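Listed below are the residues making up each chain.
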Amino acid sequence: MPYKVEIVDSRANNLFLSQLPKDLLPKVAEHLKLLGAHPYLGRSVEAPIPAYIYSFNITYSKQLQKFTVSYKINEGDETIIINSFGREIIKRR
């Protein structure tokens, strides 16, 4: 059974998601659904706060969009908790 994917309700996450083009959101959701089905797709990082990092690419409007998601896994209730997002846009010529 896939893990639930929850996004932390923070100002940074809300701002990030609100600034994405509306037709890009379903593609991001598709990658998060894939993460829910395979919670260990990301790599474990030992930082001040241990977490997993998951990255994926989406081509949108002739641009390569590189997304990064940091998350924790709650094994008890099978939930992936997304702490933060990042995005880099690479314009294609």
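I will try to describe carefully the structure that is included in this document. Counting starts from 1 at the beginning of each chain's written sequence and moves along it residue by residue. Residues qualify for local features only when their pLDDT is at least 70, as the model is predicted, and side-chain atom pairs are given and counted only at 80 or more; totals for whole chains, interfaces and linings, by contrast, use all residues. To get the side-chain values, all heavy atoms of the structure are used, and hydrogens and water are removed first.

Attention now goes to helix H2 (residues 25-37). The terminal C-alpha atoms of H2, which comprises 13 residues, lie 18 Å apart, in line with the 18 Å expected from a rise of 1.5 Å per residue. For the exposure calls, accessible area comes from a 1.4 Å probe over protein chains only, and a residue counts as buried if that area is under 20% of its type's maximum, exposed if over 50%, partly exposed in between. Comment: elements are numbered from the N terminus, with helices defined as DSSP H or I runs of at least four residues and strands as E runs of at least two. Every buried residue of H2 is listed here: Val 28, Leu 32, Leu 35 and Gly 36. For H2, the angular spread of buried residues about the axis comes to 100°, placing them on one side. When the buried face of H2 is taken as reference, the exposed residues oriented beyond 90 degrees from it are Pro 26, Glu 30 and Lys 33. Contact criterion: two residues are considered in contact whenever any of their non-hydrogen atoms come within 4.5 Å of each other. The inward-facing, buried residues of H2 abut strand S1 (4-7), strand S3 (51-60), strand S4 (63-74) and strand S5 (79-91). How far a helix is expected to stretch is found by multiplying one less than its residue total by 1.5 Å. It is the directions from the helix axis to the C-beta atoms whose arc is reported.

Okay, the side chain of Ser 70 next. Counting through the fold element by element, Ser 70 comes out in strand S4. With a relative accessible area of 13%, Ser 70 lands in the buried category. Polar contacts, as counted here, are pairs of nitrogen or oxygen atoms within 3.5 Å of one another; within protein the pair requires one atom able to donate a hydrogen and one able to accept it, and residues that are adjacent in sequence qualify only if both atoms are side-chain atoms. Polar contacts involving the side chain of Ser 70 include one to the side chain of Ser 84, which spans 2.7 Å.

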